[in-house]
Amino acid sequence: MRHRKTFFRCFLLVLFLLPSACAPKATIPLPVLDYGRIETSGNRILLIFLRGIGGEYTDFEEYGLIEEVRSRNLPMDIVVPDAHFGYYQTETIVLRLKEDIVDPARARGYRQIWLAGFSMGGLGSLLYIREHPEDIDGVMLASPFMGWSWIREEIQLAGGVRTWQPEESQFSDWQFLLWSFLHLYASNPESYPPLYLGYGKNDFLIGTGPELLGEVLEKSHVFSLPGGHDYPTFKAIWAEHLNRRENRWRSVP
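Anyway, here's the lowdown on the structure attached to this text.

Rules behind the numbers
- Every chain is numbered independently, its residues counted from 1 as its sequence is written.
- Selection of residues for local features in this predicted model requires a pLDDT of at least 70, selection of side-chain atom pairs for listing and counting requires 80 or more, and totals for whole chains, interfaces and linings are taken over all residues.
- Side-chain numbers come from the whole structure's heavy atoms, not from hydrogens or water.
- When a residue's accessible area, from a 1.4 Å probe over protein chains only, is under 20% of the maximum for its type it is buried; when over 50% it is exposed; and in between it is partly exposed.
- Helix numbering and strand numbering both begin at the N terminus, where a helix is a DSSP run of H or I of at least 4 residues and a strand a DSSP run of E of at least 2.
- Strand pairing is assigned whenever DSSP detects at least two bridges linking the two strands.
- Angles here are taken between N-to-C directions and fall from 0 to 180 degrees, while the axes themselves are lines fitted to C-alpha atoms, restricted in helices to the stretch in contact.
- By convention the crossing between two helices is left-handed if the near helix lies anticlockwise of the far one by an angle smaller than a right angle, and right-handed if it lies clockwise.
- The contact definition used throughout considers only heavy atoms, calling two residues in contact when any of these lie within 4.5 Å.
- Charged residues are taken to be Asp, Glu, Lys and Arg, nonpolar residues to be Ala, Val, Leu, Ile, Met, Phe, Trp, Tyr, Cys and Pro, and polar residues to be all remaining types, Gly included.
- Note on definitions: the grid is 1 Å and covers protein atoms alone; a cavity is a set of points where a 1.4 Å probe fits but cannot get out; a pocket is an open set with protein on both sides within 12 Å along at least five of seven lines; lining residues have an atom within 4 Å of a point.
- Grid points are joined across faces, edges and corners, and a volume is the space filled by probe spheres set on the points.
- Centre distance within 6.5 Å is the pairing criterion for rings of Phe, Tyr and Trp, where only the six-membered ring of Trp is used; planes under 30 degrees apart are then read as stacked, over 60 as edge-to-face, and the remainder as tilted.
- An angle below 35 degrees is read as roughly parallel, one above 145 as roughly antiparallel, one from 65 to 115 as roughly perpendicular, and any other as oblique.

**Focus: the pairing of strand β6 (residues 195-200)**
Phase 1: Among the six residues that make up β6, six are buried, leaving the element largely enclosed by the rest of the structure.
Phase 2: Pairing of strand β5 (residues 138-142) with β6 involves four bridges; the strand directions are parallel. Residue pairing for β6: L141 is matched across the bridge by L197.
Phase 3: As paired elements, β6 and strand β7 (residues 222-225) share four bridges and run parallel to each other. Within the sheet, the bridge partner assigned to Y199 lies in β7 and is S224.

Printed below as a string of structure tokens:
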């Protein structure tokens, strides 16, 4: 099995240096790996995996995260879109998820739709529920990328997400847009799907982002495990997410 730690270690460099001409092309519709359809399985829940920047959308199967779901016989189907960096760069990630996956899934009769966002995919999950909270029944985050250190430091100096006050003129920067949404979430979480957060204690990339996010979530929705920003840690985080949610999913009518 190929190990892709080096991809993650290039994450910051790629985001700084990747020009538009070199970014992966954002195609329509999103390419999707489908691990079961309602027409054949009769499952009631759809789980959407969102990938990070440094690997492939086949990694979830290769590293055993799909099997973690299958081995528990949970009543859910899984899709994995190739939601690569190009969709974030063109600001089409939310539109493509909605039109190509979420809306068709609701039309096919799924009772619940959940997002599982890893690294950059965590960012994509949060951007999605910022615009369409009514579409999603829950979000599980694994070491989400929450922006650069300077904005996290600014929020910390302001006393945290609840007391930080962004200016509307700053919202052209996606980081301010993201954290302003979390500021709103902190004051009115019942208007959004529940967020569940797991992260590696030794994650070199994440910094204080998850800790700041964890401050606005229920304590029972947040956990950390030993490990860094790599698939072995992601898999352990994912297994813990499943441990905490699986009984709830089994009771979905």
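**Quick notes on the packing of helix α8 (residues 120-131) against helix α10 (residues 174-187)**
Phase 1: The interhelical angle for the contact between α8 and α10, taken along N-to-C directions, is 65 degrees, at an axis separation of 10 Å. Helix-helix and strand crossings are classified by hand; for α8 and α10 the assignment is left-handed. Contacts from L123, L126, I129 and R130 in α8 reach W174, L177, L178, F181 and L182 in α10.
Phase 2: Counted by class, the contact of α8 with α10 contains eight nonpolar, no polar and one charged residues.

**Some remarks on the layout of surface pockets**
Phase 1: Each pocket or cavity is described by its volume, and for the largest pocket that value is around 560 Å³.
Phase 2: Of all the elements in the fold, those that place two or more residues in the lining of the largest pocket are α6 (85-89), α7 (93-107), α8 and α10.
Phase 3: Split into classes, the residues belonging to the lining of the largest pocket amount to 14 nonpolar, four polar and six charged.

**Concerning the sheet that holds strand β4 (residues 112-118)**
Backbone hydrogen bonds hold the strands of a sheet together, and the pairing may be parallel or antiparallel.
Phase 1: The strand order across the open sheet built from seven strands is β1-β3-β2-β4-β5-β6-β7, with neighbouring strands paired in mixed fashion. Of all the strands in the sheet, the pair left with one neighbour each is β1 (32-34) and β7. Each neighbouring strand pair of the sheet contributes to a mean axis angle of 20 degrees, computed without reference to strand direction.
Phase 2: The pairing of β1 with strand β3 (residues 76-81) spans three bridges and is antiparallel. Within β3, the residue paired with D34 across the bridge is V79.
Phase 3: Here α7 sits on the sheet in contact with β1, β2 (45-50), β3 and β4, set at roughly 165 degrees to β2.

**Notes on the environment of A186**
Phase 1: Positionally, A186 belongs in helix α10.
Phase 2: Along the chain, A186 and V161 lie 25 residues apart, while their C-alpha atoms are 7.5 Å from each other.
Phase 3: Filtering out sequence-adjacent residues up to four positions away, A186 remains in contact with R162 and V216.

**Details of the packing of aromatic side chains**
Phase 1: Per the counting criterion, the structure on display carries 18 aromatic pairs.
Phase 2: Look at F145 and W174: their rings are 5.9 Å apart centre to centre, the planes differ by 45 degrees, and that puts the pair in the tilted class. Here F145 is found in the loop between β5 and α9 (149-157), whereas its partner W174 is found in helix α10, with 29 residues between them in sequence.
Phase 3: The exposure class of F145 is buried, given its relative accessible area of 4%.

**Quick notes on the packing of α7 against α8**
Phase 1: With their axes 9 Å apart at the nearest point, α7 and α8 run at an angle of 80 degrees to one another. Classified by the angle between their axes, α7 and α8 sit roughly perpendicular to one another. Between α7 and α8, the contacting residues are V94, L97, K98 and V102 on the first element and L127, Y128 and E131 on the second.
Phase 2: For the contact of α7 with α8, the per-class residue count stands at five nonpolar, no polar and two charged.

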